[in-house]
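A structural walkthrough
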Amino acid sequence: MFEKLKAKWGISSNLQIAKIFTVFAITGSTSAIISSPFKEFLGISSENLDWYLFLPLEIIIITLVYQPILLIVAAIFFEFKFFWKFEKKMLRKIGFKNLK
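For the structure given in this document, a descriptive report is provided here. Per chain, residues are indexed from 1 in the order of the written sequence. Given that this is a predicted model, residues contribute local features only at a pLDDT of at least 70 and side-chain atom pairs are listed and counted only at 80 or more, while totals for whole chains, interfaces and linings are drawn from all residues. Side-chain metrics rest on all non-hydrogen atoms present in the structure, leaving aside hydrogens and water.

Only DSSP runs of H or I reaching four residues or more are called helices, and only runs of E reaching two or more are called strands; each is numbered from the N terminus. To estimate how far a helix should reach, multiply one less than its number of residues by 1.5 Å. Helix length check: helix α4 (residues 80-93), at 14 residues, gives a terminal C-alpha distance of 20 Å against a target of 20 Å (1.5 Å per residue), a fit within 8%. Here's how the labels work: a residue is buried when its accessible area is under 20% of the maximum for its type, exposed when over 50%, partly exposed in between, all with a 1.4 Å probe on protein chains only. Taken as a whole, α4 has its buried residues at Phe-82, Phe-83, Glu-87, Lys-88 and Leu-91. Structurally, α4 contributes buried residues whose contacts are with α1 (2-9), α2 (14-42) and α3 (51-76). Following α4 by one or two positions, Gly-95 adopts a phi angle in the positive range, close to 125°. Any two residues whose heavy atoms approach within 4.5 Å are treated as being in contact.

In structure tokens:
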């Protein structure tokens, strides 16, 4: 399984896989925690919005917070190059075609 990931991601060591998984884990948890004050500031909560409005807004906010945190945590683990490539690929998929 890890060999397929290493080939797909263009990496060579198991240590790099461990660092990448760690970056994803830290970033996911941190973005969920940090997005709470943004939601409070904007007055977005499940108490004052119906679920069909709250959930999409929550996903959008967490996604927007996730992106810069991913690059910051990646830089701390010396994996910025890998994650910048990952970010550009994702941004191209959502419409930013001119990223190089």
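By size, the foremost hydrophobic cluster in this structure holds 16 residues, and its most contacted members are Ile-11, Ile-20, Val-23, Leu-70, Phe-82 and Phe-83. The set of elements that each furnish at least two residues to this core consists of α2, α3 and α4. Leave out the neighbours within four places in its chain, and Ile-20 touches Trp-9, Ile-11, Glu-79, Phe-82 and Phe-83. Nonpolar cores were defined as sets of buried Ala, Val, Leu, Ile, Met, Phe, Trp, Tyr and Cys residues, with membership established by side-chain atoms within 4.5 Å.

Attention shifts here to the packing of aromatic side chains. Stacked, tilted and edge-to-face pairs are distinguished by plane angle, under 30 degrees for stacked and over 60 for edge-to-face with tilted covering the rest, among Phe, Tyr and Trp rings (Trp via its six-membered ring) whose centres lie within 6.5 Å. Across all of its chains, the model carries nine aromatic pairs by this definition. Between Phe-24 and Phe-83, the aromatic rings sit 5.1 Å apart at their centres with planes inclined by 75°, giving edge-to-face as the arrangement. Residue Phe-24 is found in helix α2, and its partner Phe-83 is found in helix α4; the two are separated by 59 residues along the sequence. Accessibility expressed as a relative area gives 0% for Phe-83, which makes it buried.

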